[in-house]
Amino acid sequence: MAYTEEELKKELETKEYEYGFYTDLKSDTLPKGLNEDIVVAISKKKNEPQWMTDWRIDAFRAWQEMEEPEWANVHYEKPDFQAISYYSAPKKADPNKTLNDVDPELLEMYRKLGISVDEQKKLQNVAVDIVVDSVSVATTFQKTLAEKGIIFMPISEAIQKHPDLVKKYMGTIVPKKDNFYAALNSAVFTDGSFCYIPKGVRCPMELSTYFRINEGGTGQFERTLVVADKGSYVSYLEGCTAPSRDENQLHAAVVELIALDDAEIKYSTVQNWYPGNKEGKGGVYNFVTKRGLCENNAKISWTQVETGSAVTWKYPSCILKGDNSIGEFYSIAVTNNYQQADTGTKMVHLGKNTRSTIISKGISAGKSQNSYRGLVQINSRAENARNFSQCDSLLMGNECGAHTFPYIEVKNKTAQIEHEATTSKIGEDQIFYCNQRGIETEKAIALIVNGFSKEVLNKLPMEFAVEAQKLLEISLEGSVG
Amino acid sequence: MLKINDLHASVDDKEILRGINLTVNAGEVHAIMGPNGSGKSTLASVIAGKEEFEVTKGSVELDGEDLEDDAPEERAHKGIFLSFQYPVEIPGVSVTNFMKTAINESRKARGLEDMPANEMLKLIREKSELLEIDRKFLSRSLNEGFSGGEKKRNEIFQMAMLEPKLAILDETDSGLDIDALRIVANGVNKLKSKDNAVIVITHYQRLLEHIVPDFVHVLHNGKIVKSGGKELAHELEEKGYDWLKQEQAV
Ligand SMILES: Nc1ncnc2c1ncn2[C@@H]1O[C@H](COP(=O)(O)OP(=O)(O)O)[C@@H](O)[C@H]1O
Ligand SMILES: [Mg+2]
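Residues numbered from 1 in each chain as written. Chains lettered and ligands numbered in written order. Predicted model: local features only at pLDDT ≥ 70, side-chain atom pairs only at ≥ 80, totals over all residues. Heavy atoms only, no water.

**Some remarks on the pairing of strand E10 (residues 299–306) of chain A**
Residues and elements named next belong to chain A. Burial of E10 is extensive: seven of the eight residues sit out of reach of the surface. The pairing of strand E8 (residues 264–271) with E10 spans eight bridges and is classified as parallel. The residue bridging Ile265 from the neighbouring strand is Ile300, located in E10. (Buried < 20%, exposed > 50% of the residue type's maximum accessible area, 1.4 Å probe, protein only. Helix = DSSP H or I, 4+ residues; strand = E, 2+ residues; numbered from the N terminus. Pairing = 2+ DSSP bridges.)

**A closer look at the site of ligand 1**
Residues and elements named next belong to chain B. Not every one of the 13 residues close to ligand 1 is listed here, only the nearest: Gly37, Lys40, Ser41, Thr42 and Glu52. A distance of 3.0 Å separates an oxygen atom of ligand 1 from a polar backbone atom of Gly39. Contacts to ligand 1 include Ser41, whose side-chain N or O atom sits 2.9 Å from an oxygen atom. Expressed as a share of its isolated accessible area of 560 Å², the protein-covered part of ligand 1 is 66%. Residue assignment for the shell around ligand 1 shows that the elements contributing at least two residues are strand E2 (14–24) and helix H1 (40–48). If one sorts the elements of the shell around ligand 1 by residue count, H1 sits on top with three residues. Of the residues belonging to the shell around ligand 1, the class tally is four nonpolar, six polar and three charged. (Near = heavy atom within 4 Å. Polar contact = N/O pair within 3.5 Å; in protein donor to acceptor, adjacent residues only side chain to side chain. Areas by Shrake-Rupley, 256 points an atom, 1.4 Å probe, with all protein chains shown as cover. Nonpolar A, V, L, I, M, F, W, Y, C, P; charged D, E, K, R; others polar.)

**Structural notes on the coordination of the magnesium ion (ligand 2)**
Residue and element names in this part refer to chain B. For the magnesium ion (ligand 2), every protein donor is listed as Ser41 (OG) and Gln85 (OE1), and the spread of their distances is 2.0 to 2.2 Å. One end of the pair, Ser41, is in helix H1; the other, Gln85, is in the loop between strand E6 (80–83) and strand E7 (90–94), and 44 residues separate them in sequence. Looking at Ser41, the relative accessible area reads 26%, which means it is partly exposed. (Donors = N, O, S within 2.8 Å, 3.2 Å for Na, K, Ca; no water.)

**Some words on the interface of chain B and chain A**
If you look at the interface, chain B gives 39 residues, while chain A gives 25 residues. Buried area between chain B and chain A, summed over both chains or domains, comes out near 2900 Å², and the portion from carbon and sulfur atoms is 66%. Of the charged contacts in the structure, one is a salt bridge between Asp429 of chain A and Lys50 of chain B, with a shortest N-O distance of 3.2 Å. Along the contact surface separating chain B from chain A lie 10 residue pairs in polar contact (both at pLDDT 80 or more). When contributions to the side of chain B that touches chain A are tallied by element, the ones reaching two or more residues are H1, helix H2 (72–77), E6, E7, helix H3 (95–109), helix H4 (117–130) and helix H5 (148–162) of chain B. Ranked by residues supplied to the side of chain B that touches chain A, first place goes to H3 of chain B with eight residues. (Contact = heavy atoms within 4.5 Å. Buried area = accessible area lost by both parts, 1.4 Å probe. Salt bridge = Lys/Arg side-chain N within 4 Å of Asp/Glu carboxyl O.)

**A short note on empty space enclosed by the protein**
All names here are of chain A. Under the counting rule described, the total for this entry stands at six cavities of 30 Å³ or more. Taken as a whole, the second largest cavity holds about 100 Å³ of empty space. Taken together, 15 residues make up the lining of the second largest cavity; nearest its centre are Ser360, Gly362, Asn370, Ser371 and Tyr372. At the level of secondary structure, the elements contributing two or more residues to the lining of the second largest cavity comprise strand E13 (326–335), strand E15 (355–364), strand E16 (369–378), strand E17 (386–395) and strand E18 (401–410). Counted by class, the lining of the second largest cavity contains four nonpolar, nine polar and two charged residues. (1 Å grid on protein atoms, 1.4 Å probe; cavity = no way out; pocket = protein on both sides within 12 Å on 5 of 7 lines; lining within 4 Å. Points joined across faces, edges and corners; volume = space filled by probe spheres on them.)

**A few points about the packing of aromatic side chains**
Two aromatic rings, taken as a pair, are described by how far apart their centres are and by the angle between their planes. Residues and elements named next belong to chain A. One pass over the full model with this rule turns up 21 aromatic pairs over all chains. With a centroid separation of 5.4 Å and 40 degrees between ring planes, the pair formed by Tyr76 and Phe287 is classed as tilted. In this pair, Tyr76 is assigned in the loop between helix H3 (50–65) and helix H4 (104–113) and Phe287 in strand E9 (residues 285–294), connecting sequence segments 211 residues apart. The burial state of Tyr76 is the same as that of Phe287; both residues are buried. Ring centres 6.0 Å apart and planes at 50 degrees place the aromatic pair Tyr285 and Phe287 in the tilted group. (Phe/Tyr/Trp six-rings, centres within 6.5 Å; stacked < 30°, edge-to-face > 60°.)

**Topic: helix H14 (residues 462–475) of chain A**
All names here are of chain A. In a regular helix each residue adds 1.5 Å, so 14 residues correspond to 20 Å; H14 covers 20 Å between its end C-alpha atoms and thus fits that length. With 10 of 14 residues buried, H14 is to be regarded as a mostly interior element. Three or more residues of H14 are buried, namely Glu463, Phe464, Ala465, Val466, Glu467, Ala468, Leu471, Leu472, Ile474 and Ser475. (Expected span 1.5 Å × (residues − 1).)

**Quick look at H5 of chain B**
Residue and element names in this part refer to chain B. Taking 1.5 Å as the rise per residue, H5 with 15 residues should run 21 Å; its terminal C-alpha atoms sit 22 Å apart, in good agreement. The element H5 is largely enclosed, with a buried count of 12 among its 15 residues. Taken as a whole, H5 has its buried residues at Gly149, Lys151, Lys152, Arg153, Asn154, Glu155, Ile156, Phe157, Gln158, Met159, Ala160 and Met161. Looking one or two places after H5, you find Glu163, whose phi comes out positive at around 45 degrees.

**Examining the environment of Leu166 of chain B**
Residue and element names in this part refer to chain B. Note that Leu166 resides in strand E9 (residues 166–170). Distance from Leu166 to Ile80, taken between C-alpha atoms, is 5.0 Å for residues 86 residues apart in sequence. Filtering out sequence-adjacent residues up to four positions away, Leu166 remains in contact with Met1, Leu2, Gly79, Ile80, Phe81, Ala197 and Ile199.

**A word on the pattern of salt bridges**
Where side chains of opposite charge bring their charged atoms close, a pairing between them can arise. Overall, the coordinates contain 31 salt bridges over all chains when judged by the stated rule. For the salt bridge of Glu295 of chain A with Lys321 of chain A, the shortest nitrogen-to-oxygen distance reads 3.1 Å. One end of the pair, Glu295 of chain A, is in the loop between E9 and E10; the other, Lys321 of chain A, is in the loop between strand E12 (317–320) and E13, with 26 residues separating them in the sequence. Between Arg140 of chain B and Glu150 of chain B there is a salt bridge; the shortest N-O distance is 3.8 Å. One end of the pair, Arg140 of chain B, is in the loop between H4 and strand E8 (141–142); the other, Glu150 of chain B, is in helix H5, and 10 residues separate them in sequence. Assessed through its relative accessible area of 31%, Arg140 of chain B is described here as partly exposed.

Just geometry here; none of it tells us what the structure is for.
Following this line, the structure appears as structure tokens:
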């Protein structure tokens, strides 16, 4: 890459996010616990058609028969599923609360991330006195999308307004009974996003769930479905760099992507759920099922920056069904203190000339454990399939762990598979070199980590990348003595 | 500017510097020569504040202030620059990004805002021209896959960008071919002024023909065993260090 003045300028500026939408749910909370009545009640509250209710019940029944998976390299106390409330109304702004009531440490973090005071208030359910721009922005945004025939709305709304599309695709990529957490999500999902890009349409902006998650706190059992019809393109941003202190300990999201012939979906995530405190108390368990299907000549790219959660269990995958289809996975996973992450991808090559690329960057600090788990599967009919995998681990200190579990299954002799792995440690000499140039140690670590993660950061949309860089910096604060 | 008093330093209880005295005034160029392992790089590291080395006795003062309690980055902010004998690699961090961070961190320490992008661009352009560095080079990862000579030239580019008060060049000449040596030396000379000072650590007379020292010191076994004018460098080039070692032994 030639380094032009333009690029340097870009590097020096920050931009706001693109826009999303709100959901306004008015409802109370259901009692704790999970049984078929609760599942039906959730469906009722959302005024769902019968087929959706049946779908949920079917998932619930399957879930009851399933065992919580144990194979991941993570250790935690199993959640008590009867102690969770599966439906609660979004928190409303408390008229008596001010920013003075908010944990100053959290506010300091917001300040470092450059989050506006209004946004801080929203994040902390503090009433916003000025009408936030994003409402009007979101409206204009919806208009532009509507003109192109793009559907982008809460999945609950899509179930009402576009039942045929939802019915046709939901659960086709991640079946209700796929795994323990996917089944749970299928039974109790509260909301999420639905996106449909019509044939040949290039979505003119990044679609984002940013605002909605802040507002609704619906992150717990999210369900996302993105359908890119033939020849279309969409870039979708999920998550938010602002640290969320959701009290819900268990998060089990499902994301399904469908890229029909010649379509392309770019799905970028920044995950920053509460990782627990320095002693490893609290924090979110994040058990996510993400999978995409590529038809002929289609392409799906997953890019993720994972810095939050106490326990992460997440493998965004691609089923390369169509000939010449492409799957990509770019990941940065940071663990600090007592965090545990077991993350990676599955690339299932079914079609001819299918290609996949996996770039995984794991950064471990403190007493954390960071595992990459990946499967590259070349099926017998997948002539000339190619995969390139690169898994790099960066360690800070002597008390953390980095692990790589690459699984490769090849059933076709024409396959070409390359796997590279490196492990390195941030050296004292590197730090001293930076110090000598006037860069203090924490900043030096951030710089080294950003450099290490660059190939993945480069895949993120510009405005997200800037935020993600700052996030990496903050996540590793205090990781050196 | 720099005053070193009876400096003793050790690593893992092994004493490496055994009572160094050195005064460097603004506007001066000092050369430090001496056989391998005599402690030249250690002296440079101790001045720069590398914590690995323990100062057991004596002091290092900059402009009359004892540096003892200053972290390496604080010393850098005060204007100390070290051109490393073995520059380290930082994969994925471009030379430009590294310099941008270094400059802005130093500015922050002085209570200044980040340098505006256009000013930064101007500075980069000016200094890369001075050292005849291809702009493409600046987008490469810091020191990763650089040749020995490229690394050294890049060190001096960084020095030019940071405009230090006291620059210590640790064997900057090794790895440079004749043309590169001339470019680098020319760069150093252009940056010299009555307000700053340079300490050149080298084995060879070669560099000192271009960067002419006011004083030459010979380090042996952790001590300065001889000091003189630039002619001392010639003498060393001719006779080697053995005669000095013998002189010492007596
Ligand atoms: N980190 C270290 N640990 C142990 N010994 C060291 C260390 N650094 C330098 N030394 C020793 O100190 C002596 C001086 O080294 P150095 O300052 O690099 O010499 P010079 O630069 O003059 O060649 C050598 O004997 C070297 O082995
Ligand atoms: Mg040396």
